[in-house]
Amino acid sequence: MMTIDSTTKAFFRDQLYAWAEANLRPLPWKNEPDPYLIWLSEIILQQTRVEQGAPYYEKFKSRFPTVHDLARAPEDEVLKLWQGLGYYSRARNLHQTAQYIVREHGGNFPVTYEQIRALKGVGSYTAAAIASFAFQMPYAVLDGNVSRVLSRFFGIATPIDSQSGKQLFQELATQLLDQRSPGKFNQRIMDFGATHCMPKQPRCGNCPMQSQCVAFATQQTQNLPVKHKKLKKTTRHFHYLILQCQEETIIRKRTGEDIWRHLFEFPLVEFSAAGATFQEIQTKASSLQAILQPDNLVRAQLAGSAKQQLTHQTILASFWELEIRQIEPELLPADLICINWKNLDKFAFPRIIDWYLKDNSLNLFSQLQVN
Ligand code: SF4
């Protein structure tokens with residue numbers, strides 16, 4: 001184990017606090033004492049930039065001011081409010097955890113680190129953040145920002161995403177933690193990593209840590225931190241079939257272990273390669289065979305395409321608009337829902353479909369002025 005001497009600890013804390021005095025980030029959840037709202041903000045901010053997450057935090061806080069309000073809301077409403085944030089398992093966990101807190105803790109947020117850590121969707125980082133911000137418990141947060149700062153300041157090349165790296169950086173963060181104000185310390189080191197010791201262009205020129213920063217002294221700032229895993233990325237080709245029959249269309253809820261679980265979408269045909277023809281798509285759309293018979297299909301056109309980049313996947317979507325003579329609901333498989341086009345805004349869709357729906361120059365229904 002690497003031990004930090006008391007002089008270095010004092011230097012690090014003093015410089016960090018002095019920096020924070022002049023560089024406070026006025027975030028809506030800063031200094032929030034309510035553990036429920038802290039938890040809400042932390043779940044929203046997982047894998048989300050602060051600027052993107054802030055309006056969602058305000059929306060959730062206003063619609064669900066207490067854990068009881070969130071617990072009693074229908075899941076579809078929670079997902080709808082979450083729409084556009086991505087990583088929808090976070091929203092489902094948020095909702096289920098609110099119900100768990102009401103059921104098992106009478107609506108009182110758990111007060112021990114172990115209880116907080118046991119909540120669904122709460123890892124050691126989030127648990128330390130809630131415990132230190134809400135209850136001033138001495139748990140050091142370790143996220144990507146903190147790991148980067150420590151890796152550079154101490155000049156450590158152990159991969160931050162390896163098991164040994166996580167353990168090492170957690171120990172260092174714990175040693176540096178200001179035991180008297182753990183919440184304040186955690187906030188500030190995260191802010192410092194996010195806005196000063198940034199991944200690509202750290203502001204070493206005017207950094208208060210510079211005189212003791214090993215990465216700066218050895219010109220290693222661009223090489224640190226080291227990451228182990230290179231994510232394997234895949235490209236998926238989605239073809240959405242947007243059926244229009246008078247004012248009606250068909251959607252389905254996504255199920256199974258895949259992206260966007262429990263969100264809604266138009267009937268989807270997926271290919272692993274680009275260039276599928278409409279005939280190939282039609283053949284593969286087995287659940288719609290009864291509807292897509294030649295005498296029922298008036299016309300089909302490719303309305304547009306869009307790309308959405310997820311962490312591990314690139315989604316390339318094509319939107320096919322199909323004008324249909326009639327939809328007989330009894331011929332539809334159970335997972336397909338026939339709805340009026342005007343009701344689409346009641347459902348939560350992935351961002352890529354939302355993009356299609358909002359572009360009135362594209363969709364057939366708006367051209368027909370049904371919407
Ligand atoms: S000197 Fe540069 S690398 Fe070192 S802590 Fe400051 S900003 Fe980060």
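Rules of the game
Residues numbered from 1 in each chain as written. Predicted model: local features only at pLDDT ≥ 70, side-chain atom pairs only at ≥ 80, totals over all residues. Core = buried A, V, L, I, M, F, W, Y, C linked by C-beta atoms within 7 Å. Buried ≥ 20, exposed ≤ 12 C-beta atoms within 10 Å, placed from the backbone. Domains from an automatic or database assignment. Contact = placed C-beta atoms within 7 Å. Pairing = 2+ DSSP bridges. Helix = DSSP H or I, 4+ residues; strand = E, 2+ residues; numbered from the N terminus. Nonpolar A, V, L, I, M, F, W, Y, C, P; charged D, E, K, R; others polar.

1. Remarks on the nonpolar core
Alright, step 1. Within the largest apolar cluster, 88 residues are counted, with the highest numbers of intra-cluster contacts made by Ile130, Ala173, Tyr240 and Leu241.
Alright, step 2. Mapped onto the domain boundaries, this core takes at least three residues apiece from domain 1 (6–217) and domain 2 (234–367).
Alright, step 3. With residues up to four places along the chain from it excluded, the contact list for Ile130 reads Pro35, Ile38, Trp39, Glu42 and Ile116.

2. Looking at the pairing of strand β2 (residues 248–253)
Alright, step 1. Summarising the sheet, β2 and strand β7 (residues 336–340) pair through five bridges and their orientation is antiparallel. Within β7, the position partnered with Glu248 by the bridge is Asn340.
Alright, step 2. As defined by bridge partners, β2 adjoins strand β3 (residues 264–265) across two bridges and the pair is classed as antiparallel. The partner of Arg252 across the bridge, within β3, is Glu265.

3. Considerations on the domain arrangement of the protein
Alright, step 1. Examined at the domain level, the protein breaks down into domain 1 (6–217) and domain 2 (234–367).
Alright, step 2. Taken together, the contact between domain 1 and domain 2 spans 10 residues of the former and eight residues of the latter.
Alright, step 3. Elements represented by at least two residues in the side of domain 1 that touches domain 2 include exactly α5 (75–82) and α6 (89–105).
Alright, step 4. For the side of domain 1 that touches domain 2, the class distribution of residues is three nonpolar, three polar and four charged.

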